[in-house]
Amino acid sequence: MLLIVWIVVPVLALLVLGVLGYGVFGAAGRLDRELQALEDDVRPVLAEPQGVAEKAAAQRAARSETEG
């Protein structure tokens with residue numbers, strides 16, 4: 001009887017660890033996909049202010065050349 005316990009306990013422990021690992025790696029994969037989708041959504045929104053900042057810098061440089 002004791003031998004059965006010594007066999008069943010490690011098997012159950014490995015099973016539990018396997019389920020936990022599967023859940024953690026699955027969650028990490030979902031998080032990675034969500035972050036990639038968020039980056040894809042934000043990229044066009046971020047490009048607009050960067051374009052405006054570049055345009056303002058070019059206008060400032062052109063204005064300083066005409067004044068100087």
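Provided above is the structure to which this section pertains.
These numbers come from a predicted model, not from an experiment. Every residue gets a number counted from 1 within its own chain, in the order that chain's sequence is written. Selection of residues for local features in this predicted model requires a pLDDT of at least 70, selection of side-chain atom pairs for listing and counting requires 80 or more, and totals for whole chains, interfaces and linings are taken over all residues. Water and hydrogen atoms play no part in the side-chain values, which are based on all heavy atoms of the structure.

Engineer: Which residues make up a nonpolar patch on the surface, and what are the values?
Structural biologist: A contiguous nonpolar surface patch, about 950 Å² in accessible area, is contributed by M1, L3, I4, I7, V8, V11, L12, L15 and V19. Put simply, DSSP H or I for four residues or longer makes a helix, DSSP E for two residues or longer makes a strand, and each gets a number counted from the N terminus. Relative to the elements of secondary structure, L12 occurs in helix 1 (residues 2-67). Think of a patch as exposed residues, more than 30% relative accessible area, with no salt bridge, where like charges cluster within 9 Å and nonpolar side chains (Val, Leu, Ile, Met, Phe, Trp, Tyr) cluster within 5 Å. Accessible surface area values rest on a Shrake-Rupley calculation with a 1.4 Å probe, where residue burial reflects the displayed protein chains alone. We count a salt bridge whenever a side-chain nitrogen from Lys or Arg sits within 4 Å of a carboxyl oxygen from Asp or Glu.

Engineer: I'd like to hear about the pattern of salt bridges, residue by residue, with values.
Structural biologist: Going through the model one piece at a time under the given rule, you end up with two salt bridges. The partner of R43 in a salt bridge is E39, and the shortest N-O contact between them spans 2.7 Å. With a gap of four residues between them, R43 and E39 both fall in helix 1, about one helical turn apart. The exposure class of R43 is partly exposed, given its relative accessible area of 45%. Classification of residues uses two cut-offs on accessible area relative to the type maximum, computed with a 1.4 Å probe and protein chains only: under 20% is buried, over 50% is exposed, and between them is partly exposed. On the basis of relative accessibility, which here comes to 41%, the residue E39 falls in the partly exposed class. Note that R43 and D40 form a salt bridge whose closest N and O atoms lie 3.5 Å from each other. Residue R43 and its partner D40 are both found in helix 1; the two are separated by three residues, about one turn of the helix. A relative accessible area of 39% means that D40 is categorised as partly exposed.

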